[in-house]
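Structure assessment
Chain by chain, the residues run as shown.
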Amino acid sequence: MELLQLQYFSEVVRQKSVTKAAQLLHISQPALSQTIRRLENELGVKLFEKSGKGIQLTAKGRRFYSQISPALGSIHSAAEDIKSDRLQGNITLGSYLPLSPLLPCIQEFSALNPDVTFNLLSLTDTFSPQADQLDGILGYAHSNSLGLSERRLVAAYSCQYAVPAQHTPPADGCHYTLSELKNDSFVSLYLPGDQEEEIFSEFARAGISPNIRYRTNNLMFKQQIIEAGLATGFSNVLLTQIFRPTGHYKLLRYPHDSKKVFVVLNWRSSEVLSAAAQKFKDFCCERFPEYRL
């Protein structure tokens, strides 16, 4: 005997109709009828009998219903009590980047806390709210424009070149040197709070001045310029995952394997976070124990 059978049986009793009960339970009438018959077979008694155009309980059906009703009421009350204790609230996160480094945490946390909602905001130079409007920000390690006090490194990605498809292939077939790119036109992405324009300091250390023909504060715009084959750009594995494979560009490995970009989650201090945001913050910290800044 299953709890679902008893719940279905009770609904038929209340509605005095299998058809009406099936509509309220959002199941088919034949499926509900089969459930009732299975319950009757398990009990070895007839629970319902026809009465005019409807149905009514038999004597044993009334006896059975009177005995299970208090138990079903207690189960319902217990379920509602547990639901009232579930974590509730809203978590507001901003991001300058794709959310993919954080999505596994959001997915797992949401499954455990179904009453918590997420407000996910894309941040740009023209939309950068005050720090007290956000619980956390996903961005590069060198950028913390809103000055949030606590940081956790969540991922590191290798750098890549994105060059026009018609570009002369590199000598080793794997990557270009900075000298081989010095005559290229470049597109540069700059974000609020960045101390430098992407990794063009690499050129400065090599004594080369790149031709930065396009500048933008919008990741999508930079991506479109690269995909159209208008300019060379530096990127990383996180961003190139969302590039169109049919674009007029090709991706090559950055010559220095040690060169990485680091993605961090910046948090407001625990003293001002809501219970839901603090719980998610702790949840994320457990998932990224090996990375700390």
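Our structure's up above, just so we're on the same page.
Residues numbered from 1 in each chain as written. Predicted model: local features only at pLDDT ≥ 70, side-chain atom pairs only at ≥ 80, totals over all residues. Heavy atoms only, no water.

Another point: the nonpolar core. Judged by nonpolar contacts, the single largest core of 48 residues is most densely connected at Ile91, Tyr161, Phe234, Val263, Phe280 and Cys284. Core analysis: the second largest hydrophobic core is formed by 18 residues, Ala22, Ile36, Leu47 and Ile55 among them. (Core = buried A, V, L, I, M, F, W, Y, C linked by side-chain atoms within 4.5 Å. Buried < 20%, exposed > 50% of the residue type's maximum accessible area, 1.4 Å probe, protein only.)

On to the packing of helix 1 (residues 3-15) against helix 2 (residues 18-25), then. Interhelical geometry of helix 1 versus helix 2 gives an angle of 125° and a closest axis separation of 8 Å. In this view, helix 1 runs oblique relative to helix 2, as classed from their interaxial angle. Read as a crossing pair, helix 1 and helix 2 show a hand that is right-handed. Here Tyr8, Glu11, Val12 and Gln15 of helix 1 lie close against helix 2, whose contacting residues are Val18, Lys20, Ala21, Leu24 and Leu25. The residue makeup of the contact of helix 1 with helix 2, split by class, is 6 nonpolar, 1 polar and 2 charged. (Axes fitted to C-alpha atoms, helices over the stretch in contact; angles between N-to-C directions. Helix = DSSP H or I, 4+ residues; strand = E, 2+ residues; numbered from the N terminus. Parallel < 35°, antiparallel > 145°, perpendicular 65-115°, else oblique. Left-handed = near helix turned anticlockwise from the far one by under 90°. Contact = heavy atoms within 4.5 Å. Nonpolar A, V, L, I, M, F, W, Y, C, P; charged D, E, K, R; others polar.)

Contact geometry of helix 5 (residues 103-112) with helix 10 (residues 275-287) gives a least axis separation of 11 Å together with a crossing angle of 130°. Between helix 5 and helix 10, the interaxial angle falls into the category oblique. Pair helix 5 / helix 10 crosses with right-handed handedness. When helix 5 is examined against helix 10, the residues Cys105, Ile106, Glu108, Phe109 and Leu112 are found in contact with a partner set consisting of Ala276, Lys279, Phe280, Phe283, Cys284 and Arg287. Within the contact of helix 5 with helix 10, the residues separate by chemical class into 8 nonpolar, no polar and 3 charged.

Bringing the environment of Tyr96 into the picture now. Along the chain, Tyr96 falls in the loop between strand 3 (89-95) and helix 5. Residues Tyr96 and Leu138 lie 42 residues apart in sequence; the distance between their C-alpha atoms is 6.5 Å.

We now examine the packing of aromatic side chains. The tally for this structure, following the rule as stated, stands at 14 aromatic pairs. Among the aromatic residues, those joined into a ring-pair cluster are Phe109, Phe118, Trp267, Phe280 and Phe283. Stacked on the ring of Phe283, the Lys or Arg Arg287 has its end atom at 3.8 Å from the ring centre. (Phe/Tyr/Trp six-rings, centres within 6.5 Å; stacked < 30°, edge-to-face > 60°. Lys NZ or Arg CZ within 6 Å of the ring centre and 35° of its normal.)

Before going further, it helps to spend a moment on unusual backbone geometry. In this model, Lys16 sits at a positive phi of 55°, which is unusual for a non-glycine residue. Summarising the element assignment, Lys16 is placed in the loop between helix 1 and helix 2. With phi around 60°, His26 is a residue other than glycine that occupies positive phi space. Residue placement: His26 occurs in the loop between helix 2 and helix 3 (29-43). Take His26: its relative accessible area is 72%, and that puts it in the exposed class.

Taken as a whole, this structure holds 5 salt bridges when the rule is applied. Note that Arg287 is salt-bridged to Glu108, the shortest N-O span being 2.9 Å. Of this pair, Arg287 sits in helix 10 while Glu108 sits in helix 5, and the two are 179 residues apart along the sequence. Accessibility expressed as a relative area gives 30% for Arg287, which makes it partly exposed. Linking Arg287 and Glu286 is a salt bridge whose minimum nitrogen-to-oxygen distance equals 3.4 Å. Owing to a relative accessible area of 54%, Glu286 belongs among the exposed residues under this scheme. Here the salt bridges share partners, and the residues they tie into one network are Glu108, Glu286 and Arg287. (Salt bridge = Lys/Arg side-chain N within 4 Å of Asp/Glu carboxyl O.)

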